[in-house]
Amino acid sequence: MVDGAPAAPGAVAARLAELGITLPDVAAPVAAYVPAVRTGRYVYTSGQLPFVDGALPATGKVGDGEGLVPPDDAAHLARVCALNALAAVHALVGNLDQVVRVVKVVGFVASDPSFTGQPAVVNGASTVLADVLGDAGVHARSAVGVAVLPLDSPVEVELVVELAE
């Protein structure tokens, strides 16, 4: 809920079930950091890669052409990143019903030099957050093209989430 009130008990879990989404296990950090940190009413997630069962389903640069990760595939991977970030929030606070707002999403897209469709790729993350959290999932956002990401991941997403008092 955007008015600062938490969702009804079990509302987010019910919405995930309705959408056929199971939150993944929290991805193990690939370096010296933690998946998420809470300070006051805010949770900051580390950048989440699109791990599925501990592995990256695709690697490389995003773009159009042979040997590149197609933008539609990258958008799906950004969705996976956002779900991994929600899993990190859930693991830290115990209940996604406490989320009153996704404040900010930052999406990084490992881009072929000619690729300029980063916003459409990061829409994969934005859309699933709105689907799961409703109005509380609507957020400010940056979609950034970069030369390379950790482990040659095509995408990485981080969140800032506000919790109920």
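Everything below is about the structure printed above this text.
Residues numbered from 1 in each chain as written. Predicted model: local features only at pLDDT ≥ 70, side-chain atom pairs only at ≥ 80, totals over all residues. Heavy atoms only, no water.

## A short note on a nonpolar patch on the surface
Thought 1: Judged by side-chain polarity, V30, Y33 and L151 come together as a nonpolar surface patch covering roughly 270 Å² of accessible area.
Thought 2: The partly exposed category is assigned to Y33, whose relative accessible area is 34%. (Patch = residues over 30% accessible without salt bridge, like charges linked within 9 Å, V, L, I, M, F, W, Y side chains within 5 Å. Areas by Shrake-Rupley, 256 points an atom, 1.4 Å probe, with all protein chains shown as cover. Salt bridge = Lys/Arg side-chain N within 4 Å of Asp/Glu carboxyl O. Buried < 20%, exposed > 50% of the residue type's maximum accessible area, 1.4 Å probe, protein only.)

## Re the side chain of S111
Thought 1: Tracing the backbone through its elements, the reader meets S111 in the loop between β3 (99-110) and α3 (118-133).
Thought 2: Of the polar contacts made by the side chain of S111, one reaches the backbone oxygen of V109; its length is 2.9 Å.
Thought 3: A polar contact is formed between the side chain of S111 and the side chain of Q118, at a distance of 2.9 Å.
Thought 4: Those residues in contact with S111 that sit more than four places away from it in its chain are K61, V62, Q118, G145 and V146. (Helix = DSSP H or I, 4+ residues; strand = E, 2+ residues; numbered from the N terminus. Polar contact = N/O pair within 3.5 Å; in protein donor to acceptor, adjacent residues only side chain to side chain. Contact = heavy atoms within 4.5 Å.)

## Notes on α3
Thought 1: The first and last C-alpha atoms of α3 sit 23 Å apart over 16 residues, in line with the 22 Å expected at 1.5 Å per residue.
Thought 2: Along its length, α3 shows its largest kink, about 30 degrees, at G124.
Thought 3: Every buried residue belonging to α3 is among Q118, V121, V122, G124, A125, S126, V128, L129, V132 and L133, and all of these are buried.
Thought 4: Summarising the contacts, the buried residues of α3 are in contact with α1 (11-19), α2 (71-93), β3, β4 (140-146) and β5 (155-163).
Thought 5: Count one or two residues on from α3 and you reach G134, which has phi positive near 65 degrees. (Expected span 1.5 Å × (residues − 1). Bend = angle between axes of the 7 residues up to and from the residue.)

## Remarks on the pattern of salt bridges
Thought 1: Using the criterion set out here, one finds four salt bridges in the structure.
Thought 2: A salt bridge links R41 to E162, with the shortest nitrogen-to-oxygen separation between them at 2.7 Å. Of the two residues, R41 is situated in the loop between β1 (36-39) and β2 (42-45) and E162 in strand β5; the sequence distance between them amounts to 121 residues.
Thought 3: With a relative accessible area of 27%, R41 lands in the partly exposed category.
Thought 4: With a closest N to O distance of 3.2 Å, E165 and R41 form a salt bridge. On the criterion of sequence distance, the pair formed by E165 in the segment after β5 and R41 in the loop between β1 and β2 is long-range, its members being 124 residues apart.
Thought 5: Through salt bridges that share partners, R41, E162 and E165 make up one connected network.

## Digging into the environment of V128
Thought 1: The topology assignment puts V128 in helix α3.
Thought 2: Classification of V128 by relative accessible area gives buried; the value is 2%.
Thought 3: In this structure the C-alpha to C-alpha distance between V128 and V157, which are 29 residues apart in sequence, comes to 12 Å.

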